[in-house]
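Structural overview
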Amino acid sequence: MSAVSSQVRDAGAILPAVDAITNTKALSVEFVAMAVGVALFGLFASMGMSSMSFSAFGLAFLLFLICAGTGFNAAGVVLMDEASGASSRSFTDALLAGLFALGKAIVVMILAGLAFLGIVLAVALLLWICKIPVIGPVLFFIVFPLSAVTIGVLFVAFAFVLAPIASAAIWSGESIGTALARVAMVIRKRLVGVVVRACVLFVLLIVTAMVLWWIALSGTLTAGSLSLGIVGVDTNLMSLTSMFGGGFDSGYGSSYGGYGRTPRGMPMPGMKSGASSGGYGVAMLVGIGLIMAAVGTLLSLVLKKGWCLIYLQTAKDLDVSAVEAEMQAKLAQVRAQAQAARERVQQQ
(Lines give C-alpha, C1' and ligand atoms only; values in the text may rest on other atoms or scores of the structure.)
Protein backbone atom coordinates (compact mmCIF):
# COMPACT_ATOMS: atom_id res chain seq x y z
CA MET A 1 0.00 0.00 0.00
CA SER A 2 1.38 3.42 -0.99
CA ALA A 3 2.07 6.18 1.50
CA VAL A 4 -0.77 8.34 0.10
CA SER A 5 -3.38 5.58 0.35
CA SER A 6 -2.21 4.80 3.86
CA GLN A 7 -2.65 8.44 4.86
CA VAL A 8 -6.15 8.51 3.37
CA ARG A 9 -7.10 5.24 5.08
CA ASP A 10 -6.00 6.56 8.48
CA ALA A 11 -7.97 9.82 8.14
CA GLY A 12 -10.66 8.43 10.44
CA ALA A 13 -8.22 8.78 13.34
CA ILE A 14 -9.34 12.43 13.51
CA LEU A 15 -12.71 11.44 15.00
CA PRO A 16 -11.44 11.49 18.64
CA ALA A 17 -11.19 15.27 18.25
CA VAL A 18 -14.80 15.47 19.43
CA ASP A 19 -13.60 14.40 22.89
CA ALA A 20 -12.19 17.92 23.31
CA ILE A 21 -15.60 19.14 24.51
CA THR A 22 -14.99 17.22 27.75
CA ASN A 23 -11.66 18.93 28.49
CA THR A 24 -12.73 21.36 31.22
CA LYS A 25 -9.30 22.98 31.60
CA ALA A 26 -9.09 23.90 27.91
CA LEU A 27 -12.67 25.19 28.03
CA SER A 28 -12.08 27.28 31.14
CA VAL A 29 -8.78 28.78 30.00
CA GLU A 30 -10.23 29.92 26.67
CA PHE A 31 -13.48 31.10 28.25
CA VAL A 32 -11.71 33.11 30.96
CA ALA A 33 -9.35 34.77 28.48
CA MET A 34 -12.29 35.66 26.25
CA ALA A 35 -14.23 37.05 29.22
CA VAL A 36 -11.27 39.23 30.22
CA GLY A 37 -11.02 40.45 26.63
CA VAL A 38 -14.71 41.35 26.54
CA ALA A 39 -14.43 43.16 29.88
CA LEU A 40 -11.40 45.17 28.74
CA PHE A 41 -13.10 45.95 25.44
CA GLY A 42 -16.20 47.21 27.26
CA LEU A 43 -14.11 49.30 29.67
CA PHE A 44 -11.98 51.06 27.06
CA ALA A 45 -14.85 51.33 24.59
CA SER A 46 -16.95 53.12 27.22
CA MET A 47 -14.00 55.43 27.91
CA GLY A 48 -13.77 56.10 24.19
CA MET A 49 -17.48 56.88 23.97
CA SER A 50 -17.30 59.32 26.87
CA SER A 51 -14.23 61.12 25.48
CA MET A 52 -15.00 60.54 21.77
CA SER A 53 -11.51 59.08 21.37
CA PHE A 54 -10.91 56.76 18.45
CA SER A 55 -7.57 55.68 19.95
CA ALA A 56 -9.45 54.24 22.95
CA PHE A 57 -11.62 52.19 20.57
CA GLY A 58 -8.48 50.97 18.79
CA LEU A 59 -6.84 50.03 22.09
CA ALA A 60 -10.01 48.24 23.19
CA PHE A 61 -10.09 46.18 20.01
CA LEU A 62 -6.36 45.40 20.26
CA LEU A 63 -6.67 44.21 23.87
CA PHE A 64 -9.64 42.05 22.94
CA LEU A 65 -7.69 40.43 20.10
CA ILE A 66 -4.70 39.76 22.38
CA CYS A 67 -6.87 38.18 25.07
CA ALA A 68 -8.85 36.13 22.55
CA GLY A 69 -5.70 34.98 20.77
CA THR A 70 -4.05 34.11 24.08
CA GLY A 71 -7.05 32.03 25.14
CA PHE A 72 -7.24 30.30 21.78
CA ASN A 73 -3.57 29.30 21.88
CA ALA A 74 -3.64 28.44 25.60
CA ALA A 75 -6.46 26.00 24.98
CA GLY A 76 -4.46 24.61 22.07
CA VAL A 77 -1.47 24.07 24.37
CA VAL A 78 -3.66 22.21 26.89
CA LEU A 79 -5.16 20.03 24.15
CA MET A 80 -1.73 19.29 22.67
CA ASP A 81 -0.52 18.16 26.10
CA GLU A 82 -3.50 15.82 26.28
CA ALA A 83 -3.12 14.48 22.73
CA SER A 84 0.63 13.88 23.04
CA GLY A 85 0.40 12.32 26.48
CA ALA A 86 2.45 15.07 28.15
CA SER A 87 1.89 16.11 31.74
CA SER A 88 -0.87 18.67 32.20
CA ARG A 89 0.34 22.17 33.07
CA SER A 90 -1.30 24.61 35.47
CA PHE A 91 -3.88 27.23 34.52
CA THR A 92 -1.36 30.09 34.75
CA ASP A 93 1.32 28.21 32.82
CA ALA A 94 -1.19 27.46 30.08
CA LEU A 95 -2.07 31.15 29.76
CA LEU A 96 1.60 32.16 29.62
CA ALA A 97 2.30 29.47 27.03
CA GLY A 98 -0.70 30.69 25.05
CA LEU A 99 0.62 34.27 25.08
CA PHE A 100 4.05 33.19 23.79
CA ALA A 101 2.38 30.91 21.23
CA LEU A 102 0.33 33.86 19.98
CA GLY A 103 3.51 35.84 19.29
CA LYS A 104 5.08 32.89 17.48
CA ALA A 105 1.93 32.33 15.41
CA ILE A 106 1.89 35.97 14.29
CA VAL A 107 5.52 35.73 13.15
CA VAL A 108 4.85 32.44 11.34
CA MET A 109 1.88 33.90 9.48
CA ILE A 110 3.90 36.98 8.46
CA LEU A 111 6.83 34.88 7.21
CA ALA A 112 4.48 32.50 5.37
CA GLY A 113 2.77 35.47 3.74
CA LEU A 114 6.12 36.90 2.65
CA ALA A 115 7.12 33.52 1.22
CA PHE A 116 3.86 33.32 -0.70
CA LEU A 117 4.39 36.85 -2.04
CA GLY A 118 7.96 35.97 -3.07
CA ILE A 119 6.79 32.91 -5.03
CA VAL A 120 4.07 34.92 -6.77
CA LEU A 121 6.65 37.58 -7.73
CA ALA A 122 8.96 34.84 -9.06
CA VAL A 123 6.11 33.48 -11.18
CA ALA A 124 5.39 36.98 -12.46
CA LEU A 125 9.07 37.37 -13.40
CA LEU A 126 9.05 34.09 -15.32
CA LEU A 127 5.91 35.13 -17.17
CA TRP A 128 7.55 38.46 -18.01
CA ILE A 129 10.56 36.60 -19.43
CA CYS A 130 8.12 34.73 -21.68
CA LYS A 131 7.59 37.99 -23.58
CA ILE A 132 10.91 37.42 -25.37
CA PRO A 133 10.27 37.15 -29.14
CA VAL A 134 10.50 33.80 -30.90
CA ILE A 135 11.31 31.64 -27.86
CA GLY A 136 8.67 33.33 -25.68
CA PRO A 137 5.78 31.03 -26.67
CA VAL A 138 7.93 27.95 -26.10
CA LEU A 139 8.91 29.15 -22.63
CA PHE A 140 5.31 30.06 -21.90
CA PHE A 141 4.25 26.50 -22.84
CA ILE A 142 6.48 25.25 -19.99
CA VAL A 143 6.15 28.08 -17.48
CA PHE A 144 2.37 28.46 -17.52
CA PRO A 145 1.34 24.96 -16.35
CA LEU A 146 4.15 24.85 -13.77
CA SER A 147 3.11 28.25 -12.45
CA ALA A 148 -0.55 27.26 -12.28
CA VAL A 149 0.23 24.05 -10.36
CA THR A 150 2.63 25.83 -8.00
CA ILE A 151 0.17 28.59 -7.12
CA GLY A 152 -2.65 26.07 -6.78
CA VAL A 153 -0.61 23.98 -4.35
CA LEU A 154 0.19 27.12 -2.35
CA PHE A 155 -3.48 28.03 -2.04
CA VAL A 156 -4.32 24.51 -0.86
CA ALA A 157 -1.39 24.61 1.57
CA PHE A 158 -2.52 27.93 3.04
CA ALA A 159 -6.10 26.71 3.38
CA PHE A 160 -5.49 23.21 4.78
CA VAL A 161 -1.87 22.89 5.98
CA LEU A 162 -0.48 26.13 7.39
CA ALA A 163 -2.83 26.64 10.34
CA PRO A 164 -3.12 22.99 11.50
CA ILE A 165 0.55 22.10 11.22
CA ALA A 166 2.18 25.39 12.23
CA SER A 167 -0.20 26.08 15.13
CA ALA A 168 0.07 22.55 16.53
CA ALA A 169 3.86 22.63 16.17
CA ILE A 170 3.98 25.86 18.17
CA TRP A 171 1.63 24.40 20.82
CA SER A 172 4.01 21.47 21.20
CA GLY A 173 6.81 23.92 22.03
CA GLU A 174 8.71 23.97 18.74
CA SER A 175 10.44 27.07 17.41
CA ILE A 176 9.25 29.29 14.58
CA GLY A 177 11.82 27.85 12.17
CA THR A 178 10.91 24.26 13.01
CA ALA A 179 7.20 24.99 12.60
CA LEU A 180 7.79 26.46 9.13
CA ALA A 181 10.08 23.56 8.23
CA ARG A 182 7.38 21.05 9.18
CA VAL A 183 4.87 22.92 7.03
CA ALA A 184 7.28 22.76 4.08
CA MET A 185 7.91 19.04 4.59
CA VAL A 186 4.22 18.25 4.84
CA ILE A 187 3.56 20.14 1.59
CA ARG A 188 6.27 18.12 -0.11
CA LYS A 189 5.44 14.65 1.23
CA ARG A 190 2.01 14.43 2.89
CA LEU A 191 -0.17 17.13 1.38
CA VAL A 192 -2.99 14.78 0.34
CA GLY A 193 -3.13 13.08 3.74
CA VAL A 194 -3.41 16.41 5.57
CA VAL A 195 -6.09 17.72 3.18
CA VAL A 196 -8.18 14.53 3.61
CA ARG A 197 -7.90 14.78 7.38
CA ALA A 198 -8.86 18.47 7.27
CA CYS A 199 -11.97 17.58 5.26
CA VAL A 200 -12.90 14.87 7.79
CA LEU A 201 -12.42 17.42 10.58
CA PHE A 202 -14.69 19.87 8.75
CA VAL A 203 -17.46 17.26 8.51
CA LEU A 204 -16.96 16.41 12.18
CA LEU A 205 -17.32 20.09 13.08
CA ILE A 206 -20.58 20.33 11.13
CA VAL A 207 -22.08 17.31 12.90
CA THR A 208 -20.88 18.52 16.32
CA ALA A 209 -22.26 22.00 15.65
CA MET A 210 -25.66 20.56 14.72
CA VAL A 211 -25.82 18.59 17.99
CA LEU A 212 -24.60 21.45 20.18
CA TRP A 213 -26.88 24.05 18.62
CA TRP A 214 -29.84 21.67 18.84
CA ILE A 215 -29.15 21.28 22.56
CA ALA A 216 -28.72 25.02 23.04
CA LEU A 217 -31.77 26.13 21.04
CA SER A 218 -34.18 23.48 22.30
CA GLY A 219 -33.09 24.02 25.89
CA THR A 220 -33.25 27.81 25.61
CA LEU A 221 -36.73 27.81 24.09
CA THR A 222 -38.10 25.33 26.64
CA ALA A 223 -36.53 27.03 29.66
CA GLY A 224 -37.63 30.40 28.33
CA SER A 225 -41.20 29.23 27.95
CA LEU A 226 -41.20 27.90 31.51
CA SER A 227 -39.76 31.21 32.71
CA LEU A 228 -42.78 33.02 31.26
CA GLY A 229 -45.19 31.28 33.55
CA ILE A 230 -43.01 30.77 36.64
CA VAL A 231 -40.75 33.83 36.92
CA GLY A 232 -42.76 36.17 34.74
CA VAL A 233 -39.89 37.24 32.50
CA ASP A 234 -40.59 40.11 30.14
CA THR A 235 -37.70 40.58 27.70
CA ASN A 236 -39.21 43.38 25.67
CA LEU A 237 -36.17 44.98 24.08
CA MET A 238 -37.77 48.44 24.04
CA SER A 239 -38.15 48.44 27.83
CA LEU A 240 -34.67 47.02 28.36
CA THR A 241 -33.00 49.63 26.19
CA SER A 242 -34.91 52.42 27.91
CA MET A 243 -33.38 51.29 31.21
CA PHE A 244 -29.98 52.18 29.76
CA GLY A 245 -31.09 55.45 28.24
CA GLY A 246 -31.97 53.95 24.88
CA GLY A 247 -35.13 55.95 24.40
CA PHE A 248 -36.82 53.38 22.16
CA ASP A 249 -40.13 53.19 23.98
CA SER A 250 -41.88 55.37 21.47
CA GLY A 251 -41.83 55.80 17.76
CA TYR A 252 -41.12 53.15 15.18
CA GLY A 253 -41.46 49.62 16.51
CA SER A 254 -43.23 50.58 19.76
CA SER A 255 -46.35 48.62 18.79
CA TYR A 256 -44.48 45.34 18.45
CA GLY A 257 -44.31 42.85 21.29
CA GLY A 258 -41.39 41.04 22.81
CA TYR A 259 -40.78 37.79 24.58
CA GLY A 260 -43.62 37.57 27.14
CA ARG A 261 -45.75 40.20 25.36
CA THR A 262 -48.90 40.20 23.30
CA PRO A 263 -48.71 41.10 19.60
CA ARG A 264 -49.78 44.66 20.57
CA GLY A 265 -46.82 45.04 22.91
CA MET A 266 -48.81 44.67 26.16
CA PRO A 267 -47.51 42.38 28.93
CA MET A 268 -49.12 38.97 29.05
CA PRO A 269 -51.27 38.15 32.12
CA GLY A 270 -49.05 37.49 35.13
CA MET A 271 -46.00 39.16 33.55
CA LYS A 272 -44.03 41.84 35.37
CA SER A 273 -43.51 44.99 33.35
CA GLY A 274 -41.20 47.95 33.24
CA ALA A 275 -38.29 48.24 35.64
CA SER A 276 -39.61 45.40 37.82
CA SER A 277 -38.95 42.88 35.03
CA GLY A 278 -35.81 44.49 33.68
CA GLY A 279 -33.51 42.43 35.90
CA TYR A 280 -35.02 39.15 34.75
CA GLY A 281 -34.89 40.24 31.13
CA VAL A 282 -31.26 41.30 31.31
CA ALA A 283 -30.39 38.06 33.14
CA MET A 284 -32.08 36.01 30.41
CA LEU A 285 -30.30 37.86 27.60
CA VAL A 286 -26.92 37.54 29.32
CA GLY A 287 -27.61 33.84 29.88
CA ILE A 288 -28.42 33.35 26.21
CA GLY A 289 -25.18 35.13 25.32
CA LEU A 290 -23.22 32.83 27.61
CA ILE A 291 -24.84 29.76 26.03
CA MET A 292 -23.89 30.96 22.54
CA ALA A 293 -20.34 31.72 23.69
CA ALA A 294 -20.07 28.26 25.25
CA VAL A 295 -21.17 26.56 22.03
CA GLY A 296 -18.66 28.58 20.01
CA THR A 297 -15.88 27.75 22.46
CA LEU A 298 -16.67 24.02 22.38
CA LEU A 299 -16.54 24.00 18.60
CA SER A 300 -13.23 25.85 18.81
CA LEU A 301 -11.89 23.11 21.09
CA VAL A 302 -12.89 20.40 18.61
CA LEU A 303 -11.12 22.32 15.84
CA LYS A 304 -7.92 22.68 17.86
CA LYS A 305 -7.94 19.05 19.01
CA GLY A 306 -8.33 18.04 15.37
CA TRP A 307 -5.33 20.17 14.44
CA CYS A 308 -3.29 18.51 17.19
CA LEU A 309 -4.21 15.04 15.92
CA ILE A 310 -3.44 16.00 12.31
CA TYR A 311 -0.03 17.25 13.39
CA LEU A 312 0.79 14.19 15.50
CA GLN A 313 -0.31 11.78 12.75
CA THR A 314 1.31 13.47 9.75
CA ALA A 315 4.11 15.83 10.75
CA LYS A 316 5.55 14.89 14.13
CA ASP A 317 7.70 12.03 12.79
CA LEU A 318 9.15 13.98 9.84
CA ASP A 319 12.86 14.79 9.94
CA VAL A 320 13.01 18.52 9.26
CA SER A 321 16.65 19.12 10.21
CA ALA A 322 17.78 19.43 6.59
CA VAL A 323 14.93 21.78 5.68
CA GLU A 324 15.49 23.87 8.80
CA ALA A 325 19.22 24.13 8.06
CA GLU A 326 18.43 25.19 4.49
CA MET A 327 16.04 27.85 5.76
CA GLN A 328 18.63 29.12 8.24
CA ALA A 329 21.25 29.30 5.47
CA LYS A 330 18.92 31.28 3.19
CA LEU A 331 18.04 33.61 6.06
CA ALA A 332 21.73 34.16 6.80
CA GLN A 333 22.33 34.87 3.11
CA VAL A 334 19.55 37.45 3.06
CA ARG A 335 20.95 39.10 6.18
CA ALA A 336 24.42 39.23 4.62
CA GLN A 337 23.07 40.79 1.44
CA ALA A 338 21.12 43.35 3.45
CA GLN A 339 24.21 44.19 5.49
CA ALA A 340 26.32 44.57 2.32
CA ALA A 341 23.69 46.86 0.77
CA ARG A 342 23.59 48.95 3.96
CA GLU A 343 27.41 49.33 3.92
CA ARG A 344 27.38 50.40 0.27
CA VAL A 345 24.76 53.04 1.03
CA GLN A 346 26.82 54.36 3.96
CA GLN A 347 29.96 54.54 1.80
CA GLN A 348 28.16 56.61 -0.82
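Residues numbered from 1 in each chain as written. Predicted model: local features only at pLDDT ≥ 70, side-chain atom pairs only at ≥ 80, totals over all residues. Heavy atoms only, no water.

**Things to note about the confidence of the model for the protein**
- Looking at the protein, the pLDDT average stands at 80 and 78% of residues meet or exceed 70.
- Across residues 261-266, where pLDDT falls below 50, the model places 17 contacts with residues more than four positions away in sequence or in other chains. (pLDDT = per-residue confidence, 0-100. Contact = heavy atoms within 4.5 Å.)

**Side note on a nonpolar patch on the surface**
- A grouping of Leu125, Leu126, Trp128, Ile129, Ile132, Val134, Ile135 and Leu139 is seen on the molecular surface, where their side chains present a nonpolar patch of about 760 Å² in accessible area.
- Considering each element in turn, the nonpolar patch owes the most residues, 4 residues, to helix α4 (residues 91-129).
- Here tryptophan 128 falls in the exposed class, since its relative accessible area comes to 57%. (Patch = residues over 30% accessible without salt bridge, like charges linked within 9 Å, V, L, I, M, F, W, Y side chains within 5 Å. Areas by Shrake-Rupley, 256 points an atom, 1.4 Å probe, with all protein chains shown as cover. Salt bridge = Lys/Arg side-chain N within 4 Å of Asp/Glu carboxyl O. Helix = DSSP H or I, 4+ residues; strand = E, 2+ residues; numbered from the N terminus. Buried < 20%, exposed > 50% of the residue type's maximum accessible area, 1.4 Å probe, protein only.)

**Description of the environment of alanine 163**
- Within the secondary structure, alanine 163 sits in helix α6 (residues 162-171).
- For the pair formed by alanine 163 and lysine 304, sequence separation is 141 residues and the distance between their alpha carbons is 9.9 Å.
- Filtering out sequence-adjacent residues up to four positions away, alanine 163 remains in contact with Met109, Ala168 and Trp307.

**Describing the packing of α4 against α6**
- Two elements in contact, α4 and α6, have axes separated by 10 Å at closest approach and are oriented at 145°. Crossing hand, α4 versus α6: right-handed. Touching Ala101, Lys104, Ala105, Val108, Met109 and Ala112 of α4 are Leu162, Ala163, Ala166, Ile170 and Trp171, all from α6.
- Tallied by class, residues from the contact of α4 with α6 come to 10 nonpolar, no polar and 1 charged. (Axes fitted to C-alpha atoms, helices over the stretch in contact; angles between N-to-C directions. Left-handed = near helix turned anticlockwise from the far one by under 90°. Nonpolar A, V, L, I, M, F, W, Y, C, P; charged D, E, K, R; others polar.)

**Thoughts on the nonpolar core**
- Grouped together as the largest cluster of nonpolar side chains are 52 residues, with contacts concentrated most on Val161, Ile165, Trp171, Val186, Leu201, Leu301 and Tyr311.
- Mapped onto this core, the elements with two or more residues apiece are α2 (24-51), α3 (54-84), α4, α6, α7 (176-189), α8 (191-230) and α10 (275-314).
- In terms of residue count, the dominant contributor to this core is α10 (10 residues).
- Once residues lying within four places of it in the same chain are set aside, the contact partners of valine 161 are Val156, Ala166, Val183, Val186, Ile187, Leu191 and Val194. (Core = buried A, V, L, I, M, F, W, Y, C linked by side-chain atoms within 4.5 Å.)

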